[in-house]
Amino acid sequence: MTDRLWAVALAAGVAAAITGCGPSPRTGDSRQASIAASAGADEEGTVRAGRGRAHDRGGHLGRGRGRSGGRGPHRRHVSLTTDEERMIRVSTVRAEHRPLRKGLQAMGNIYAPPERKAIVSYPFPARIARVLVRPGQWLKRGQPLVTLQAEEVGAAKSALLRARADLELAESSCERERRLVNRGVGARTALLAAEASLKVARSEVEAAEKRLLVLGLTAEEVAAVLSSGRVDPAITLYAPVSGKVVGPMPVLGSMVDQSTEILTILDPTILCVDAEVYERDLAKLRVGQEVSVSVPAYPGEVFTGRISYIGDVVKPETRTITVRSEIDNRDQRLKDGMFADVRLFQEAESPVLALPERAVLDDGEGKLVFVKTESGYRPQPVQVGVRHAAYVEVVEGLAEGDEVVLDGNFQLKSKLLEETLEGHGH
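This one's a predicted model, so the numbers in the text were calculated from it and none came from an experiment.

Peer 1: Lay out the sheet that holds strand β6 (residues 138-139) with the relevant residues and their values.
Peer 2: Sheet strands associate in pairs through backbone hydrogen bonding, adopting either a parallel or an antiparallel arrangement. Sheet architecture is open: 4 strands sit in the order β4-β11-β9-β6, paired in antiparallel fashion. The sheet is open, and its two borders are formed by β4 (117-120) and β6, each paired with just one other strand.

As C-alpha cells, then:
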C-alpha cells in the first residue's frame, strides 16, 4: 500500500515538472504569430519601414512614401465586370509633365471698384413720376434715369422767376434814374439807390439759379425755366457714370428722400478682388504681378489679372495684409460680391508631373488616385503640390505614363471600401 502511494506521488511530481517547464498554449500561439509576422507572407505586400517601397498584389512597385499597400483598403486591386465598366464609364488619363507655376494661395472677395459704381439718390423728399430705364440696361453717362416730382424744386423755380422779375424791374428803375440825372432833373442819390437795388436783384437771380443746380437741374434746364416762365416741380435724374442698371428699381409713385437708394449703376467690365496674404509672404509680391482667380460658379475655369495695390497696414488680429488685383470681366461672368480662390504667381512656369485635379481624391490621411493595371485598378496614395488651371502637381506616388482614372474614381473608391468592409465582416 505504501509502495503504491509513493509511485502515484512520484508520477504526479514528474507531470508537474514537465508542465511547468513547457510553453503554455498562449505563449506558443504568440510565438507562432511572431514568426508568421516576421516571415512577411502577406501575398498583397506591406511596407516594412520608413520610406520603403512595396510590391502590390500584381507585383508592381509602389512609389508612395511607404504608404502603397500599407494601410487599410490600399492593399488590393479593384476589379470590375464588363457590365460595371459600362455603367461606371471609367475614363483614364496619363500622368505627364506639363508647365505649372508656383504661387501663393489665398481667399478673396470680388467687388466693383468705387470709381465704377454709383448709387443714384436724391437729397430732398420727392415722388417717382417716371421710370426711364429697366434692370440690366446699359447706360451712357448723362442718360436720363427717372423723373421726380419735388416740392423743393417747384419752390426753387418759383423763386428764380420772382428774382428774374425783380431784376427786370430793378434794371428799368436804374435806367430811368440814369436818364433823369443826365437831363439834370434827377437826384444823384436816387440813381445810386437804383444801382444798388439792381446789384441786389442780379445776385438774387444768380443765387436762385445756383439753388436749382444744387437741386439737380442742368444749366440747360435752368435756362429753359427762365425762357418758358413755367413753374413745374418735375426734375430728371441722369446717370453719373456709364454702366449697367443693377440693384433696386424704383416703383412708380413711391416716395424717396436722402436715405433712399433709387437705383445703382455698375460698370462690371473690370472688377477687383481683395485677397488676404500673410505678412511673411509680403516680400514675394509686387505690383503688376500676375494672379489667377477661380470661383465655385465655374469649376475648372481660371480668370487672370494683375496686382494693382498692396496694402500698407497689417491687420493685427490675422497678421495679414490686403492685396488688390484687377480682373478683366468684359464677358461679365464674374459678379460683384463673389468669393474667390486667388493664386498669386511667383515665378515662371516649369514642367512638373501633373494630373487633372478631379483625378485626385481625398483619402482622410492624404490624397489617392486609381492606377489602371492588368489586374484591375490599384489605389495609389500620392503627394500633391502646386495647383494651377485645373491641374495639380504630383510630387510623389506616380511615374510619368501611369494611366490614372479620371472619371469613375469615386465609384471605384466606394467599391473598394465596400469590399474592405465585407472582408472585415468575415
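After presenting the structure, the write-up continues.
Peer 1: Quick rundown of the packing of aromatic side chains? Include the residues and the values.
Peer 2: Think of a pair of aromatic rings as described by two things: how far the centres are apart, and how the planes are tilted against each other in angle. The tally for this structure, following the rule as stated, stands at 2 aromatic pairs. On the numbers, 5.9 Å between centres and 65° between planes, the contact of Y122 with F124 is edge-to-face. Take Y122: its relative accessible area is 2%, and that puts it in the buried class. Seen from the ring of Y391, R98 lies directly overhead, with NZ or CZ sitting 3.8 Å from the centre. Directly above the ring of Y298 sits R333, whose terminal nitrogen or CZ lies 4.2 Å from the centroid.

Peer 1: Please give an account of the sheet that holds strand β10 (residues 255-256) that cites residues and values.
Peer 2: Taken together, 4 strands build an open sheet; the order of strands is β8-β7-β5-β10 and the sheet is antiparallel. Strands at the two margins of the open sheet, each flanked by one partner only, are β8 (234-238) and β10. Relative to strand β7 (residues 144-149), strand β5 (residues 126-131) runs antiparallel, the two being bridged by 4 bridges. Opposite V131, over in β7, you have V146 as the bridge partner.

Peer 1: I'd love a proper account of the packing of helix α4 (residues 151-183) against helix α5 (residues 188-215), names of residues and values included.
Peer 2: With their axes 8 Å apart at the nearest point, α4 and α5 run at an angle of 160° to one another. The angle between the axes of α4 and α5 places the two elements in the roughly antiparallel class. Judged by the sense of rotation from one axis to the other, the crossing of α4 with α5 is left-handed. Classifying every residue of the contact of α4 with α5 gives 18 nonpolar, 2 polar and 13 charged.

Peer 1: Help me get a handle on the environment of A399, residues and values and all.
Peer 2: In this structure, A399 sits in the loop between β21 (391-396) and β22 (403-407). In sequence terms A399 and L353 are 46 residues apart; their C-alpha atoms lie 7.9 Å from each other.

Peer 1: Pulling in residues and values, what's your account of the environment of R230?
Peer 2: You can see R230 is positioned in the loop between α6 (219-228) and β8. When the C-alpha positions of R230 and K157 are compared, they lie 8.3 Å apart, and in sequence the two are 73 residues distant. The contact partners of R230, leaving out residues within four places of it in the chain, are L161 and V225.

Peer 1: Break down the packing of α5 against α6 for me, with residues and values.
Peer 2: Running from N to C, α5 and α6 point in directions that differ by 130°, and their axes come no closer than 10 Å. By the angle class used here, α5 and α6 are oblique. Relative to α6, α5 is oriented so that their crossing is right-handed. Contacts from E209, L212 and L213 of α5 reach α6 at A219, V222 and L226. Residue composition of the contact of α5 with α6, grouped by class: 5 nonpolar, no polar and 1 charged.

Peer 1: Which residues make up the pairing of strand β19 (residues 367-373), and what values do they have?
Peer 2: For β19, the tally of buried residues reaches 5 of 7 residues, placing the bulk of the element in the interior. One ladder, built from 2 bridges, connects strand β18 (residues 361-362) with β19; its direction is antiparallel. Within the sheet, the bridge partner assigned to D362 lies in β19 and is K367. Hairpin geometry of β18 and β19 is characterised by an intervening segment of 4 residues between the two adjacent antiparallel strands and by a positive phi of about 75° at G364. The pairing of β19 with strand β20 (residues 376-388) spans 7 bridges and is antiparallel. Residue pairing across strands places V371 opposite R378, the latter belonging to β20.

Peer 1: How would you explain α5 if you had to name every residue and give the values?
Peer 2: Spanning 28 residues, α5 covers 41 Å between terminal C-alpha atoms, matching the ideal 40 Å at 1.5 Å per step. Of all the residues in α5, the buried ones are L191, A194, L198, A201, V205, A208, L212 and L215. In this structure, the buried residues of α5 make contact with α4, α6 and β8. Following α5 by one or two positions, G216 adopts a phi angle in the positive range, close to 115°.

Peer 1: Can you lay out the nonpolar core for me, pointing to particular residues and giving the numbers?
Peer 2: The biggest cluster of nonpolar side chains holds 41 residues, and the ones touching the most others in it are Y122, L145, L148, I262, L263 and I265. Here this core takes 9 residues from α4, the largest share from any one element. By size, the runner-up hydrophobic cluster in this structure holds 24 residues, among which are L104, L266, A275 and V342.

Criteria and thresholds
Residues numbered from 1 in each chain as written. Predicted model: local features only at pLDDT ≥ 70, side-chain atom pairs only at ≥ 80, totals over all residues. Heavy atoms only, no water. Pairing = 2+ DSSP bridges. Helix = DSSP H or I, 4+ residues; strand = E, 2+ residues; numbered from the N terminus. Phe/Tyr/Trp six-rings, centres within 6.5 Å; stacked < 30°, edge-to-face > 60°. Buried < 20%, exposed > 50% of the residue type's maximum accessible area, 1.4 Å probe, protein only. Lys NZ or Arg CZ within 6 Å of the ring centre and 35° of its normal. Axes fitted to C-alpha atoms, helices over the stretch in contact; angles between N-to-C directions. Parallel < 35°, antiparallel > 145°, perpendicular 65-115°, else oblique. Left-handed = near helix turned anticlockwise from the far one by under 90°. Nonpolar A, V, L, I, M, F, W, Y, C, P; charged D, E, K, R; others polar. Contact = heavy atoms within 4.5 Å. Expected span 1.5 Å × (residues − 1). Core = buried A, V, L, I, M, F, W, Y, C linked by side-chain atoms within 4.5 Å.

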